[in-house]
Amino acid sequence: MTELEHKQDRAPVPAGWDYAPAPEARDIVQLEERYGLFVGGELVEPRSGEWFPTLSPATEEPLAQVALAGAEDVALAVDAAREALEGEWAKTTPSERAKYLYRIARILQERSREFAVLESLNGGKPIKESRDVDLPLAAAHFFYYAGWADKLEYAFPNRKPRPVGVCGQIIPWNFPLLMLAWKIAPALAAGNTVVLKPAETTPLTALLFCDVVRQAELPPGVVNIVTGDGSTGAHLVKHTGVDKIAFTGSTEVGKAIQRELAGTGKKLTLELGGKAANIVFDDAALDQAVEGIVNGIYFNQGHVCCAGSRLFVQESIYEPALAKLKRRMATLRVGDPLDKNTDVGAINSRMQLEKIQELVEAGKDEGAEIYQPPCRLPEKGYWFVPTVFTNVAQSYRIAQEEIFGPVLSVLTFRTPDEAVEKANNTPYGLSAGVWTEKGSRILSMASKLRAGVIWANTYNRFDPTSPFGGYKESGFGREGGLHGLGPYLRFDE
Ligand code: NDP
């Protein structure tokens, strides 16, 4: 008998809670039928003559046609960025640059509901996440880097910081607007101009951002946005007029970009995948840890590079931890991203859904035990039930490969050393979580875990002042904080 049913004997508490639908109105978003490329401050038709549809992954409904930029389009955007870099933007004083960034931050705040609805519509993430996480953080990044724009000489004393030049920025589909903010805010604060390529499946908030750029009266060409597919990204990487590439995405494409840029002298930062260990010791506050585990892997459908996808539980608390986790999973509401009660939204694309399904099948075939709470999924769209695997060996694909979906692999450990050894047994090194009541154990674990970001008694917390980035196959370079400015500057030394 569940705890809730047991209570029912004593008080008339219903055994299940049905939530009435609470849909966010979508009429705040005015979609165009089709969107061109944002080059030199204007939305222009693509020279390639090619367009592609962008969908809502929750309903498979086409939302708009978007331009597919070819080599010539990318070259025009790079030219516009170069012209702005050497023209009006070069004459703009650092304090004026700061004003533009503040202006963008404030406009994002003012229009945050519109952006949040569009983000959920095009990407499938729950509205409560786009509204309460993506949008506030995106605005915070612009506010934060606005503060640095006129203080670079103090941030890097005696090193004569100068902009790198034209920056090519390629971003993924899991946090479309937030990744745009992570890329554009530090680049502009440092005095660069940019050509940004959003992911193929989630171009719409980047295209709405063009409107913000115009509203803020940023000089034309400082920000250029070229939509398209992987080939558009490849054209941007290859273009000789680009001085720096900043990439967030898969390790595979990251490696290809690194090979392409070898010997060219172009600067490069890579923020790639992860397979983070979330480690729970037997002295941790268990209910709190379970919330952290759920947030670590089911936030944004697990489409998170730093997701806590490998859970390490100390053996002595394995059973109560699993029982609590399964009970909590049964309360997750999966469905319409625009419903304010939804915890887990749609998988971003059919391709990603197939990748998740393939890895889950591999987990079952290799011998892991699967648990999925009872859950009714919508008929149309791309969905995956929150999943947990137990009896997982370290060699299984589900313990080694990035699934990038709502799938958790649970492993156990007995001693802190064993936890460290198993946690570090991965080609990645982006993030980790430690749950314990002992501060000394947190510090000891943090010094031994090979991960760029380590959370203690919390998970998936982000702040623009705090650097983020990885080791090993998770990439190099940091975004956020003072560290995030360095890759956008050249120094006379
Ligand atoms: P990709 O690495 O392919 O996509 C990231 C960005 O790179 C997109 O804008 C993509 O364009 C672009 N791109 C693709 N090919 C090239 C290329 N040859 N040169 C330059 N740019 C390119 O990731 P996927 O979307 O294919 O996702 C695959 C897997 O990658 C996921 O399952 C997940 O494991 C991981 N991933 C990790 C992310 C992270 O934050 N670390 C984010 C996204 C994915 P387009 O979208 O148009 O193809």
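None of the values given here were measured: they were computed from a predicted structure.

Trainee: For this particular structure, what's the right way to read the side chain of glutamate 402?
Mentor: With respect to the element layout, glutamate 402 can be found in the loop between helix H15 (397-400) and strand E16 (407-413). The buried charged residue glutamate 402 lacks any salt bridge, with lysine 355 as its nearest oppositely charged partner at 5.2 Å.

Trainee: Honestly, the sheet that holds strand E17 (residues 431-435) in this entry has me stumped. Any pointers?
Mentor: Sheet strands pair by backbone hydrogen bonding; their relative direction is either parallel or antiparallel. Taken together, the seven strands give an open sheet; going across it, the order is E14-E15-E16-E13-E12-E17-E18, and neighbouring strands pair in mixed fashion. Each edge of the sheet is formed by a strand with only one pairing partner; in this case those strands are strand E14 (369-371) and strand E18 (453-456). In this sheet, neighbouring strand axes are inclined to one another by 20° on average, regardless of whether the strands run parallel or antiparallel. Bridge count between strand E12 (residues 277-280) and E17: four bridges; the pairing is parallel.

Trainee: Just checking my understanding: could you explain the site of the ligand for this structure?
Mentor: Surveying the vicinity of the ligand reveals 28 residues, the closest of which are Ile171, Trp173, Ser250, Lys355 and Glu402. Contacts to the ligand include asparagine 174, whose side-chain N or O atom sits 3.5 Å from an oxygen atom. If you list the elements that add at least two residues to the shell around the ligand, you get helix H10 (230-238), strand E10 (244-248), helix H11 (251-261) and helix H14 (350-366). Take the shell around the ligand: its biggest share by element is three residues, from H10. Per-class residue counts for the shell around the ligand are 13 nonpolar, nine polar and six charged.

Trainee: What exactly am I supposed to notice about the packing of aromatic side chains here?
Mentor: The description of an aromatic ring pair uses the distance of the two centres, along with the angle that the planes make with each other. Under the criterion given, the structure shown has 14 aromatic pairs. Relative to tryptophan 148, the ring of tyrosine 144 has its centre 6.5 Å away and its plane inclined at 85°; by these criteria the two rings are edge-to-face. You can see tyrosine 144 and its partner tryptophan 148 sitting in helix H6 (residues 127-148), four residues apart, about one turn around the helix. Through successive ring pairs, a cluster of aromatic residues spans Trp182, Trp455, Tyr459, Phe462 and Phe468. In this structure, arginine 333 packs its charged tip against the face of tyrosine 19, placed 3.8 Å from the ring centre.

Trainee: Got a minute to help me understand the state of the cysteines in this structure?
Mentor: Covalent bonding between the sulfur atoms of two cysteines is what defines a disulfide. Going through the model one piece at a time under the given rule, you end up with zero disulfides. Not part of a disulfide, cysteine 167 finds its nearest cysteine sulfur in cysteine 210, a span of 17 Å.

Trainee: Would you take a moment to explain the confidence of the model for the protein for this structure?
Mentor: Should the pLDDT be low somewhere, the predicted coordinates at that spot are not to be read in detail. Summing up the model confidence of the protein, the mean pLDDT is 95 and the portion of residues at 70 or higher is 96%. Considering only residues more than four positions removed or in separate chains, one finds that residues 1-8, a stretch of pLDDT under 50, has 10 contacts.

Trainee: Explain the nonpolar core to me, please; I cannot follow it from the model alone.
Mentor: When a protein is soluble and globular, its nonpolar side chains tend to lie buried together. Grouped together as the largest cluster of nonpolar side chains are 110 residues, with contacts concentrated most on Leu108, Phe142, Leu180, Phe209 and Val223. Examining the composition of this core, we find that 11 residues originate from one element, helix H8 (residues 176-189), more than from any other. Residues in contact with leucine 180, not counting those within four places in the same chain, are Phe142, Ile171, Ala185, Leu196, Ala206, Phe209 and Ile225. In terms of nonpolar packing, the next biggest core, distinct from the first, is built from 29 residues, Ile356, Val360, Tyr382 and Ala432 among them.

Trainee: What should I look at first to understand H10 in this one?
Mentor: Residues separated by three or four positions in an α-helix point in the same direction, a consequence of the helix having 3.6 residues per turn. Within the span of H10, buried status applies to Thr232, Gly233, Leu236 and Val237. One side of H10 holds all its buried residues, which, seen down the axis, span an arc of 140°. Those residues of H10 that are buried are in contact with helix H2 (71-86), strand E7 (166-170), strand E8 (193-197), E10 and H11.

Trainee: Hey, could you run me through the pairing of E17 in this one?
Mentor: Burial runs high along E17: five of the five residues are buried. Residues Ser431, Gly433 and Trp435 line one face of E17 and the alternating positions Ala432 and Val434 line the opposite face, and both faces are buried. After leaving E17, the chain enters helix H17 (residues 439-448) and then returns to the sheet as E18, a path that is right-handed.

Quick notes on the rules
Residues numbered from 1 in each chain as written. Predicted model: local features only at pLDDT ≥ 70, side-chain atom pairs only at ≥ 80, totals over all residues. Heavy atoms only, no water. Helix = DSSP H or I, 4+ residues; strand = E, 2+ residues; numbered from the N terminus. Buried < 20%, exposed > 50% of the residue type's maximum accessible area, 1.4 Å probe, protein only. Lys, Arg positive; Asp, Glu negative; His and termini not counted. Salt bridge = Lys/Arg side-chain N within 4 Å of Asp/Glu carboxyl O. Pairing = 2+ DSSP bridges. Axes fitted to C-alpha atoms, helices over the stretch in contact; angles between N-to-C directions. Near = heavy atom within 4 Å. Polar contact = N/O pair within 3.5 Å; in protein donor to acceptor, adjacent residues only side chain to side chain. Nonpolar A, V, L, I, M, F, W, Y, C, P; charged D, E, K, R; others polar. Phe/Tyr/Trp six-rings, centres within 6.5 Å; stacked < 30°, edge-to-face > 60°. Lys NZ or Arg CZ within 6 Å of the ring centre and 35° of its normal. Disulfide = S-S within 2.5 Å. pLDDT = per-residue confidence, 0-100. Contact = heavy atoms within 4.5 Å. Core = buried A, V, L, I, M, F, W, Y, C linked by side-chain atoms within 4.5 Å. Arc of directions from axis to C-beta. Right-handed = clockwise from strand over helix to strand, strands pointing away.

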